[in-house]
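Summary of structural features
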Amino acid sequence: MNFDFSVFSNPQTWVSLLTLTFMEIVLGIDNIIFISIIVNRLPREQQQRGRTIGLLLALVFRIGLLLSISWIVGLKAPLFTLPVPWMAEGWSVTGRDLILLGGGLFLIGKSTTEIHTKLQGEEEDEHNTKGSATMGAVILQIILIDIVFSFDSILTAVGLVDNVLIMILAVVLSMGVMLAFSGIVADFVNRNPTIKMLALSFLIMIGVMLVMESFHKEIEKGYIYFAMFFSLIVEVLNMRLRKKAAPVHLRDSQYD
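For clarity, every value in this text was computed on a predicted model and none was experimentally measured. (Residues numbered from 1 in each chain as written. Predicted model: local features only at pLDDT ≥ 70, side-chain atom pairs only at ≥ 80, totals over all residues. Heavy atoms only, no water.)

Quick look at the overall build of the protein chain now. For the protein chain, the helix and strand inventory stands at nine helices and two strands. From first element to last, N terminus to C terminus, the protein chain shows the α and β order α-α-α-β-β-α-α-α-α-α-α. A burial count over the protein chain gives 45% of its 256 residues as buried. When contacts within the protein chain are restricted to residue pairs at least 6 apart in sequence, long-range pairs at least 24 apart make up 79% of them. Per element, the accessible surface of the protein chain, about 13,700 Å² overall, is 66% carbon and sulfur. (Helix = DSSP H or I, 4+ residues; strand = E, 2+ residues; numbered from the N terminus. Buried < 20%, exposed > 50% of the residue type's maximum accessible area, 1.4 Å probe, protein only. Contact = heavy atoms within 4.5 Å. Areas by Shrake-Rupley, 256 points an atom, 1.4 Å probe, with all protein chains shown as cover.)

Written out as structure tokens, the structure is:
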């Protein structure tokens, strides 16, 4: 694949690069949230390493997909058709649909399990949860969801820019920003139980969105991200009001 570096003499190229980088950062927020929650089960001294490995894997997957755009396009070709009551012509299943469906169900299942664990009191002591997962198990889960998030990110990039070099630079720049702030985001989420619960709810919502997209029911992502931002602002205001109150405990006392 040949890269034409002369495009950087055009000011429009830099505008496209900045726009795409910003979009990649926004689309990567859900990935950071998922990675932060998953690596929290590792011993504290391994958590930063787990986050770094997870984001670097996401970078590798995204660059790999960018270099295989023809394969991505091929994933949109129907593989087979299944009869679905609400789809008159049936569900024309593509490779993309299978990836989105699997990823969406994984996100819903994993996030629901995390919420159930916290509410049912299975985490009796914070110290007992540290080290309950191995680095290998955590990385495997990160790889699975990285594939889905990377796929969605690259489809957005292809829709905005037609130059692969610009796409790769935008992905690298956005991943650098996410690596720099992933620790801050993770600490903030883990220090505030209600924010963590809100983050898990966001992941369930994103999972539902992926499942619906696999059935060719497109949802405007702007609405999703606006709802997430609005909910976060409301929760931050609530946190300020609760400053002098007793801390919120996620576990129900009847299960303690």
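Turning next to the packing of helix H1 (residues 11-39) against helix H4 (residues 95-119). In contact at an axis separation of 12 Å, H1 and H4 are set at 45 degrees when each is read in the N-to-C sense. One element, H1, and the other, H4, form an angle in the oblique class. Helix-helix and strand crossings are classified by hand; for H1 and H4 the assignment is left-handed. Contacts from Phe 34, Ile 37 and Ile 38 in H1 reach Phe 106, Leu 107, Lys 110 and Glu 114 in H4. Split into classes, the residues belonging to the contact of H1 with H4 amount to five nonpolar, no polar and two charged. (Axes fitted to C-alpha atoms, helices over the stretch in contact; angles between N-to-C directions. Parallel < 35°, antiparallel > 145°, perpendicular 65-115°, else oblique. Left-handed = near helix turned anticlockwise from the far one by under 90°. Nonpolar A, V, L, I, M, F, W, Y, C, P; charged D, E, K, R; others polar.)

The next thing to look at is the environment of Gln 46. Looking at the secondary structure, you find Gln 46 in helix H2 (residues 44-66). What makes Gln 46 partly exposed here is its relative accessible area of 27%.

Every α-helix winds through 3.6 residues per turn, so residues three or four apart in the chain are directed the same way. Between its first and last C-alpha, H1 extends 41 Å over 29 residues, near the 42 Å set by a 1.5 Å rise per residue. Along its length, H1 reaches its greatest deviation from straightness, about 35 degrees, at Gly 28. (Expected span 1.5 Å × (residues − 1). Bend = angle between axes of the 7 residues up to and from the residue.)

In this section: the pairing of strand E1 (residues 78-84). Across five bridges, the pairing between E1 and strand E2 (residues 87-94) is antiparallel. Opposite Pro 78, over in E2, you have Thr 94 as the bridge partner. Between E1 and E2, which pair antiparallel in sequence order, lie two residues. (Pairing = 2+ DSSP bridges.)

In this structure, His 216 takes a positive phi of about 65 degrees despite not being glycine. Along the polypeptide, His 216 turns up in the loop between helix H8 (193-214) and helix H9 (221-241). What makes His 216 partly exposed here is its relative accessible area of 38%.

Counting residues in each nonpolar core, the largest one holds 49 residues, and the members touching the most others are Phe 34, Leu 107, Leu 203, Ile 206 and Leu 210. Broken down by secondary-structure element, the contributors of at least two residues to this core are H1, H2, H4, helix H6 (135-160), helix H7 (164-191), H8 and H9. Examining the composition of this core, we find that 10 residues originate from one element, H1, more than from any other. Every residue in contact with Ile 206, bar those within four places of it in the chain, is listed here: Asp 30, Leu 107, Phe 149 and Met 228. In this structure, Met 87, Trp 91, Val 93 and Leu 101 belong to the second largest nonpolar core, which totals seven residues. (Core = buried A, V, L, I, M, F, W, Y, C linked by side-chain atoms within 4.5 Å.)

Per the stated rule, a full pass over the model turns up two salt bridges. A salt bridge links Glu 213 to Arg 96; the nearest nitrogen and oxygen atoms lie 3.8 Å apart. Of this pair, Glu 213 sits in helix H8 while Arg 96 sits in helix H4, and the two are 117 residues apart along the sequence. Like Arg 96, Glu 213 is buried. With a closest N to O distance of 3.8 Å, Glu 114 and Lys 110 form a salt bridge. With Glu 114 and Lys 110 both in helix H4, this residue pair falls four residues apart, about one helical turn. By the burial criterion, Glu 114 is buried, and Lys 110 matches it. (Salt bridge = Lys/Arg side-chain N within 4 Å of Asp/Glu carboxyl O.)

Attention now moves to H8. Its 22 residues place the ends of H8 32 Å apart at the C-alpha level, agreeing with the 32 Å of an ideal helix rising 1.5 Å per residue. Burial of H8 is extensive: 16 of the 22 residues sit out of reach of the surface. Looking one or two places after H8, you find His 216, whose phi comes out positive at around 65 degrees.

Take it as geometry only, folks, not as evidence of what the structure does.
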